[in-house]
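# Inside the fold
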Amino acid sequence: MISALLGLGSALGLGAADFMARFSARALGAPLNYAAVLLIGALATTIWLLAAGTELVWSPLGYTIAVAHGIAVAVMCILLYMGIARGPIAVVVPIVAAHPALVLVVNVLMGVRPSVAQWAAMATIIAGGVFIARSAVAEPDAPEAKSNRITVLIAIAACIAYVAIVLTGQAATPLIGAAQTMWIGRWAGLVFIAGVLLVQRVPLRIPAEWVPFVGLQAGLDTLGYIAFLVGSNSAAPYITMVVASAFSVVAVLLARLIVHEPVSKMQWAAIALIAGGTVVLSAT
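Everything numeric here is computed off the predicted structure, so don't read it as measured data.

### Focus on the overall build of the protein
Tallying secondary structure elements over the protein gives 12 helices and zero strands in all. Reading the protein from its N terminus to its C terminus gives the helix and strand order α-α-α-α-α-α-α-α-α-α-α-α. Taken over the C-alpha trace, the protein has a radius of gyration of 18 Å; the compact-globule value for 284 residues is 19 Å, and the two agree within 12%. Oriented by its inertia axes, the alpha-carbon framework of the protein measures out at about 55 × 50 × 35 Å. The 284 residues of the protein split such that 50% are buried.

### Focus: the nonpolar core
Counting residues in hydrophobic clusters, the biggest one holds 59 residues, and the most contacted among them are Tyr34, Met76, Tyr81, Ile89, Val96 and Ile193. Residues Leu49, Ala179, Met182 and Leu229 belong to the second largest nonpolar core, which totals five residues.

### Remarks on the packing of helix α3 (residues 60–86) against helix α4 (residues 89–97)
Running from amino to carboxyl end, α3 crosses α4 at an angle of 155°, the nearest separation of the two axes being 9 Å. The pairing of α3 with α4 is recorded here as roughly antiparallel in orientation. Facing α3, whose interface residues are Met76, Leu80, Gly83 and Ile84, α4 presents Ile89, Val92, Val93 and Val96. Classifying every residue of the contact of α3 with α4 gives seven nonpolar, one polar and no charged.

### A few points about the packing of aromatic side chains
The full count for this structure, using the stated rule, is five aromatic pairs. Between Phe23 and Phe213, the ring centres sit 6.3 Å apart and the planes meet at 80°, which makes this aromatic pair edge-to-face. Taken together, the residues span a long stretch of sequence, with Phe23 in helix α1 (residues 2–28) and Phe213 in helix α9 (residues 211–232) at a distance of 190 residues. A residue is classified by how much of its surface remains accessible, and Phe213, at 25% relative accessible area, is partly exposed. Arranged with centres 5.6 Å apart and planes meeting at 90°, the rings of Tyr34 and Tyr81 form a pair that is edge-to-face.

### Some remarks on helix α8 (residues 178–200)
For α8, built from 23 residues, the straight-helix expectation of 33 Å at 1.5 Å per residue is met to within 8% by its first-to-last C-alpha distance of 32 Å. Of all the residues in α8, the buried ones are Ala179, Gln180, Thr181, Met182, Ile184, Gly185, Arg186, Ala188, Gly189, Leu190, Ile193 and Leu197.

### Overview of the side chain of Thr222
By the element assignment, Thr222 lies in helix α9. Owing to a relative accessible area of 4%, Thr222 belongs among the buried residues under this scheme. Filtering out sequence-adjacent residues up to four positions away, Thr222 remains in contact with Gly41, Ala44 and Arg186.

### Side note on the environment of Ala25
As for its placement among the helices and strands, Ala25 is situated in helix α1. If sequence neighbours within four positions are ignored, Ala25 has contacts with Ala30, Asn33, Tyr81 and Ala85.

### Remarks on the confidence of the model for the protein
For residues with low pLDDT, the predicted coordinates do not support detailed interpretation. Counting all residues, the mean pLDDT for the protein is 84, and 91% of those residues have values of 70 or more. Confidence scores differ between elements of the protein, with helix α10 (residues 237–244) showing the lowest mean pLDDT of 70 and α3 the highest of 93.

### Some details on unusual backbone geometry
Although it is not a glycine, Arg201 adopts a positive phi angle of roughly 60°. Looking at the element boundaries, Arg201 is found in the loop between α8 and α9. Classification of Arg201 as exposed rests on a relative accessible area of 76%. Positive phi, close to 55°, is recorded for His260, a residue that is not glycine. By the secondary structure assignment, His260 is in the loop between α11 (247–258) and α12 (265–283).

### Focus: the packing of helix α2 (residues 30–52) against α8
Their axes nearest at 9 Å, the elements α2 and α8 cross at an angle of 150°. By the criterion of interaxial angle, the relationship of α2 to α8 is roughly antiparallel. In this structure, α2 crosses over α8, and the sense of that crossing is left-handed. Here the contact of α2 with α8 is composed, by residue class, of 17 nonpolar, five polar and one charged.

### A short note on a nonpolar patch on the surface
A cluster of nonpolar side chains, namely Leu102, Val105, Leu109, Leu153, Ile156 and Ile160, defines an oily patch on the protein surface of about 550 Å² accessible area. Mapping Leu109 onto the fold places it in helix α5 (residues 99–109). Under the relative-accessibility criterion, Leu109 is labelled exposed at 72%.

Here is what the cut-offs are and how they apply
- One numbering rule holds for all chains: residues counted from 1, following each sequence as written.
- pLDDT decides what is reported in this predicted model: residues at 70 or higher carry local features, side-chain atom pairs at 80 or more are listed and counted, and totals for whole chains, interfaces and linings draw on all residues regardless.
- To obtain the side-chain values, all non-hydrogen atoms of the structure were used and water was disregarded.
- Helix and strand assignments come from DSSP, with helices taken as H or I runs of at least 4 residues and strands as E runs of at least 2, each series counted from the N terminus.
- Restricting the calculation to C-alpha atoms gives the radius of gyration, and the globule rule supplies 2.2 Å times the number of residues raised to the power 0.38.
- The buried label goes to any residue with under 20% of its type's maximum accessible area, the exposed label to any with over 50%, and the partly exposed label to all in between, with areas taken from a 1.4 Å probe on protein chains only.
- Residues enter a nonpolar core if they are buried and are Ala, Val, Leu, Ile, Met, Phe, Trp, Tyr or Cys, with the set joined through side-chain atoms within 4.5 Å.
- Where helices are involved, their axes are fitted lines through C-alpha atoms of the stretch in contact, as for all axes, and angles between N-to-C directions lie from 0 to 180°.
- Angles below 35 degrees are treated as roughly parallel, those above 145 as roughly antiparallel, those between 65 and 115 as roughly perpendicular, and all remaining angles as oblique.
- By definition, residues are in contact when any of their heavy atoms lie within 4.5 Å.
- Just so you know the grouping, Ala, Val, Leu, Ile, Met, Phe, Trp, Tyr, Cys and Pro go in nonpolar, Asp, Glu, Lys and Arg go in charged, and all remaining residues, Gly too, go in polar.
- The criterion for an aromatic pair is that two Phe, Tyr or Trp rings (for Trp, the six-membered ring) have centres within 6.5 Å, with stacked assigned to planes under 30 degrees apart, edge-to-face to planes over 60 apart and tilted to the rest.
- The length a helix should cover is 1.5 Å for every residue beyond the first.
- A residue's pLDDT is the confidence the predictor assigns to it, expressed on a 0 to 100 scale.
- Helix crossings are classified by the rotation of the near helix relative to the far one: an anticlockwise turn of less than a right angle makes the crossing left-handed, while a clockwise turn makes it right-handed.
- Only residues whose relative accessible area exceeds 30% and that form no salt bridge are eligible for patches; like-charged ones are grouped when within 9 Å, while nonpolar side chains (Val, Leu, Ile, Met, Phe, Trp, Tyr) are grouped when within 5 Å.
- Only the protein chains shown count as cover for residues, and all accessible areas are computed by the Shrake-Rupley method using a 1.4 Å probe.
- Any carboxyl oxygen of Asp or Glu that lies within 4 Å of a side-chain nitrogen of Lys or Arg is treated as forming a salt bridge with it.

Right under this line is the structure:
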């Protein structure tokens, strides 16, 4: 039961935070928006580690991979926020959520032999991603067609970056643990984004009227990650992973219910394919 609740908390937190990026990333720009979210997340993660009395492990290789993990997270989230700011959410988030299929492809290239169910799930996720991408450019002569094509490319780039997140996380966790990997990664990602903002000469300041909104967004994002991490170390981690994979559905539902973003039948079908395939891969 607790594993399912943690998975649900993760899905709700991450899905809601992604939906909120539709507004904050448009107003502040994706890099500055995620820098603020990451700063609050890094501080919260530090407090959590101290409160939990987590013993830090020294591993030069583990730290190096964790830094790479954090940079991958930063790149992915900036791309994700850029895509969400452009919209539609029903196109961007499901494409990014299709990353488990690409992770399985990489694992196959590394010698892993998937089961029939995993092959079927991978094919289902890829099919869902193709349907989503095609729905965004179904009418090439439409005024928004060019903009949608760029949005799809941004979402695909974010999906590829998500693969790097998973692979570096899988490599670092056995060396220094999941909590320490996330902690180092958050601070490394923050340094990386600060460098990007300095190069862009973006003022490192959040307008006062956006501070409460971004603070709530960061809190939901952090709670989502911590719930997933705790659930991944619970009695039934696979249940947490399966339920947490619904974060993309949460983001799309919020966009549909709150801002009335149109979602076609093809897009709903594609979202169902991606979510279903992800559930199978998470459970196997």
